[in-house]
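# A look at the structure
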Amino acid sequence: MQPASTPPQSIEELWQRANQLAGLSLGDLAALAGIEMPSDFRRQKGFSGQLLELWLGASAGSKPEQDFPELGVELKTLPLSATGTPSETTYVCYAPLLGQERIDWEASNVRNKLHCVLWIPIDGEREIPPAQRQIGTPILWQPSDEQLAQLRADWEELMERISLGEIEQITARHGQYLQLRPKAADGSKVTDAIGADGRLIKTRPRGFYLRKSFTQQILDNHFGSA
DNA sequence: CCCTGATCATGA
DNA sequence: TCATGATCAGGG
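Residues numbered from 1 in each chain as written. Chains lettered and ligands numbered in written order. Predicted model: local features only at pLDDT ≥ 70, side-chain atom pairs only at ≥ 80, totals over all residues. Heavy atoms only, no water.

### Considerations on the overall build of chain A
Assigned secondary structure in chain A consists of six helices and eight strands. Rg of the C-alpha trace for chain A: 18 Å, near the compact-globule value of 17 Å for 226 residues, within the 12% margin. Each principal axis of the C-alpha distribution contributes one length, and for chain A these read about 60 × 40 × 35 Å. Within chain A, the 29 negative side-chain charges are centred at a point lying 7 Å from the centre of the 23 positive side-chain charges. (Helix = DSSP H or I, 4+ residues; strand = E, 2+ residues; numbered from the N terminus. Rg over C-alpha atoms; globule rule 2.2 N^0.38 Å. Lys, Arg positive; Asp, Glu negative; His and termini not counted. Charge placed at Lys NZ, Arg CZ, Asp CG, Glu CD.)

Quick look at the structure:
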C-alpha cells in the first residue's frame with residue numbers, strides 16, 4: 001500500500017481508497033509514506049488532515065476550493081472521543097469580513113464546501129498517542145434539506161452582522177450549527193473588516209466552524225443512534 | 001497576507 | 001468538564 005499518486009477519477013474510486021484506510025492507524029500511514037509522526041499535535045495541528053490528503057490524492061494547497069474539485073467533494077477528518085462523539089469543532093472556511101455585493105448563500109464558500117463531504121472519523125483522544133490513533137470507516141455525506149436550511153440561516157445572520165459592521169460583537173456563541181471564531185497564527189494577526197459606521201477597521205481574521213452538535217447529527221444519522 | 005489543514009489551552 | 005478564543009505549520 002502506498003499514498004495516492006493521482007487524484008481519484010470518480011467518487012467510487014475515492015470511496016474505495018477511503019475504505020482501504022479504515023482500521024489502519026495514523027502511524028501506519030505515516031510509516032508507509034515515509035513520514036515522521038509527531039509525538040503530539042501541539043505543533044502540528046493539521047497533521048492528520050494532511051496525511052489523509054496525501055493518501056487519498058487530494059490536491060494539496062490552500063486554495064479556497066473543495067479538496068476534490070472534479071468530484072465536488074470536500075475531505076474532512078473527524079476526531080472522535082472514546083464515546084464516539086466529535087472531540088473538536090470542524091473548520092469550514094475563511095470568513096469574508098469586507099462583506100460581499102450581496103449576501104448570496106448559493107454562491108458562498110460555506111455552501112460550496114459542505115455540498116458533499118467525505119468524513120473520515122479518527123480516534124481523537126489526547127491520551128492516545130497520534131501514531132496509534134485509528135482511522136474509522138468513512139462517511140460520504142450531503143446535508144439534508146433541514147440541515148441546509150439551518151446552515152443557511154446561521155450563515156446569513158453572521159454575514160449580515162459582518163456587513164453591518166458588527167464583527168466585534170459576534171462571538172462563538174452565535175449560530176445554531178455554524179459559528180464564527182478567530183482563525184490566525186496568533187493574536188497579533190489582523191485584517192480589514194467593516195466597522196461601526198461603515199469605516200474600515202482592523203480585526204482578527206475569522207473562520208466558520210461547525211459545532212460538535214452538528215457533526216454528531218451526521219454520525220447519528222449515518223450509524224444510527226440508540 | 002490569505003487560506004488550507006486543524007488542535008490546544010485556559011477561563012467559566 | 002468543556003467551549004471559546006488562541007494558536008501552529010505550510011503553500012501560494
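### Let's talk about the packing of aromatic side chains
The full count for this structure, using the stated rule, is six aromatic pairs. Ring geometry for Tyr177 against Phe214: centres 4.8 Å apart, planes inclined by 50 degrees, an arrangement best described as tilted. Separated by 37 residues along the polypeptide, Tyr177 in the loop between α5 (145-163) and β5 (178-182) and Phe214 in helix α6 (residues 212-223) bring together distant segments of the chain. Given a relative accessible area of 0%, Phe214 falls into the buried group. Of the aromatic side chains, those joined through ring pairs into one cluster are Trp119, Trp141, Tyr177 and Phe214. One Lys or Arg, Arg181, reaches over the ring of Tyr209 and ends 4.0 Å from the middle of that ring. Against the face of Tyr91 rests Lys183, its NZ or CZ located 4.2 Å from the ring centre. (Phe/Tyr/Trp six-rings, centres within 6.5 Å; stacked < 30°, edge-to-face > 60°. Buried < 20%, exposed > 50% of the residue type's maximum accessible area, 1.4 Å probe, protein only. Lys NZ or Arg CZ within 6 Å of the ring centre and 35° of its normal.)

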